[in-house]
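Coordinates in review
Spelled out from the first residue to the last, the chains are:
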Amino acid sequence: MSLPDDKVVYFSTGACSQFKLVPGKYLHFDNTDGKWSFFQNEDPDGFYLHPFGSNGNLRSRVINKSLVKMIRSSTRYTEKGVKFMLISSDRKGQSCAVIEIITHKTYDQLIQQSK
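A brief structural summary. All values reported here derive from a predicted model rather than from experimental measurement. Along each chain, residues carry numbers from 1 onward, in the same order as the chain's sequence is written. The predicted origin of the model limits local features to residues at a pLDDT of at least 70 and limits the giving and counting of side-chain atom pairs to 80 or more, whereas totals for whole chains, interfaces and linings rest on all residues. With hydrogens and water set aside, each side-chain value is computed from the structure's full complement of heavy atoms.

**Focus on the pattern of salt bridges**
Our working rule: For this analysis, a salt bridge means a side-chain nitrogen from Lys or Arg found within 4 Å of a carboxyl oxygen belonging to Asp or Glu. Each helix is a run of DSSP H or I of at least 4 residues and each strand a run of E of at least 2, with the numbering of both proceeding from the N terminus. A 1.4 Å probe rolled over the protein chains alone gives each residue an accessible area, and that area as a share of the maximum for its type sets the label: buried under 20%, exposed over 50%, partly exposed in between.
Inspection of every chain in the model, using the stated rule, returns four salt bridges. In this structure, Asp6 engages Lys80 in a salt bridge whose closest nitrogen and oxygen atoms are separated by 3.9 Å. Pair noted here: Asp6 is in the loop between strand 1 (2-3) and strand 2 (8-11) and Lys80 is in the loop between helix 2 (65-75) and strand 8 (82-83), with a separation of 74 residues, a long-range link. Across the pair Asp108 and Lys83 runs a salt bridge, and its minimum N-O distance is 3.8 Å. In this pair, Asp108 is assigned in helix 3 (residues 107-113) and Lys83 in strand 8, connecting sequence segments 25 residues apart. By relative accessible area, Asp108 is classed as partly exposed at 45%.

Structure (structure tokens):
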């Protein structure tokens, strides 16, 4: 997951595939005690997941300036293009699988650390 600009939360082809993110559904984000997560369902109270891309290279994105601002503010990673790692969790949100967003380090920092 990345924040390429001030209004978009972007999900790569790999993330869409691995976590079965479906454009046209809605994502529901949660930030409890500084730990971000989300789940996907059809409830329009969430953030609409827009399709992005073509030719079998489907990616998706949420377009919402306030959401991006909240994520940046709480994580203190304010640079454009910052990426975060996503992981599956055992939790359920409204009977849907919850995906955790690792925010204590950026994706690039975690990859560098693992080398």
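So, next bit.
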